[in-house]
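Observations on chain architecture
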Amino acid sequence: MCVAVYLCAWKLCEQWQDELWLKFHLPFQILTLETIETSRTGNPFTENDLVIARLDQVSRSDELHEQLRVTNWNLVICDEAHVSFILGRRTEGNQTLPAG
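Summary of the structure given here. Since the structure is predicted, the reported quantities are computational estimates derived from the model, not experimental observations. (Residues numbered from 1 in each chain as written. Predicted model: local features only at pLDDT ≥ 70, side-chain atom pairs only at ≥ 80, totals over all residues. Heavy atoms only, no water.)

1. Observations regarding the overall build of the chain
In terms of helices and strands, the chain carries four helices and six strands. When the helices and strands of the chain are read in sequence order from the N terminus, they spell out β-α-β-α-β-α-α-β-β-β. Counting over 100 residues, the chain shows a buried share of 32%. Counting contacts in the chain only where the partners sit at least 6 residues apart, residues at least 24 apart contribute 53% of the total. (Helix = DSSP H or I, 4+ residues; strand = E, 2+ residues; numbered from the N terminus. Buried < 20%, exposed > 50% of the residue type's maximum accessible area, 1.4 Å probe, protein only. Contact = heavy atoms within 4.5 Å.)

Structure representation (structure tokens):
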């Protein structure tokens, strides 16, 4: 079983969910405020194997950032990775820099 997260801009979440289903039959679930609030384990990332999350939502929440970081992912896809601070590292062009 592949455990994957796709991080993207909020306006692309549904588009990527549709594309991943239509082209690859992968049932990605979009992380929503409801799924966060009703999480049985306290970590909504561990409750679905295939997750699409809003890049801005994760980057603005220390709690979501930490939950994303501690989840054992097989694959992390970060749309707009050149401007992300998601997994504790910042990238600019081809350089990887410590976050902060």
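2. Considerations on the pairing of strand S1 (residues 4-8)
Most of S1 sits out of view: five of its five residues are buried. The two faces of S1 match: Ala4, Tyr6 and Cys8 on one face and Val5 and Leu7 on the other face are all buried. Note: S1 against strand S4 (residues 75-78), four bridges, orientation parallel. Across the sheet, alanine 4 pairs through a bridge with leucine 75, a residue of S4. (Pairing = 2+ DSSP bridges.)

3. Comments concerning unusual backbone geometry
Of note, the phi angle at histidine 25 is positive, near 55 degrees, even though the residue is not glycine. Residue histidine 25 is classed as exposed on the basis of its relative accessible area of 55%.

4. Some thoughts on the side chain of serine 39
In this structure, serine 39 sits in the loop between helix H2 (33-37) and strand S3 (50-54). Looking at serine 39, its side chain comes within polar contact range of the main-chain nitrogen of asparagine 43, at 3.2 Å. Setting aside its immediate chain neighbours within four residues, serine 39 contacts Pro44 and Glu47. (Polar contact = N/O pair within 3.5 Å; in protein donor to acceptor, adjacent residues only side chain to side chain.)

5. What to know about helix H4 (residues 62-70)
All of the buried residues in H4 are Leu64, His65, Gln67 and Leu68. Around the axis of H4, the buried residues are gathered within 165 degrees of arc, so they sit on the same side. Pointing more than 90 degrees away from the buried face of H4 are the exposed residues Asp62 and Glu63. Where H4 is buried, its residues meet S1, H2 and helix H3 (55-60). (Arc of directions from axis to C-beta.)

6. Examining the pairing of S3
Here S3 lies mainly inside the structure; four of its five residues are buried. Both S1 and S3 contribute to a ladder of five bridges, which runs parallel. Following the sheet pairing, cysteine 8 is matched in S3 by arginine 54. Of the strand pairs in this sheet, strand S2 (residues 29-30) and S3 are connected by two bridges, and their pairing is parallel. The residue of S3 that forms the bridge with isoleucine 30 is isoleucine 52.

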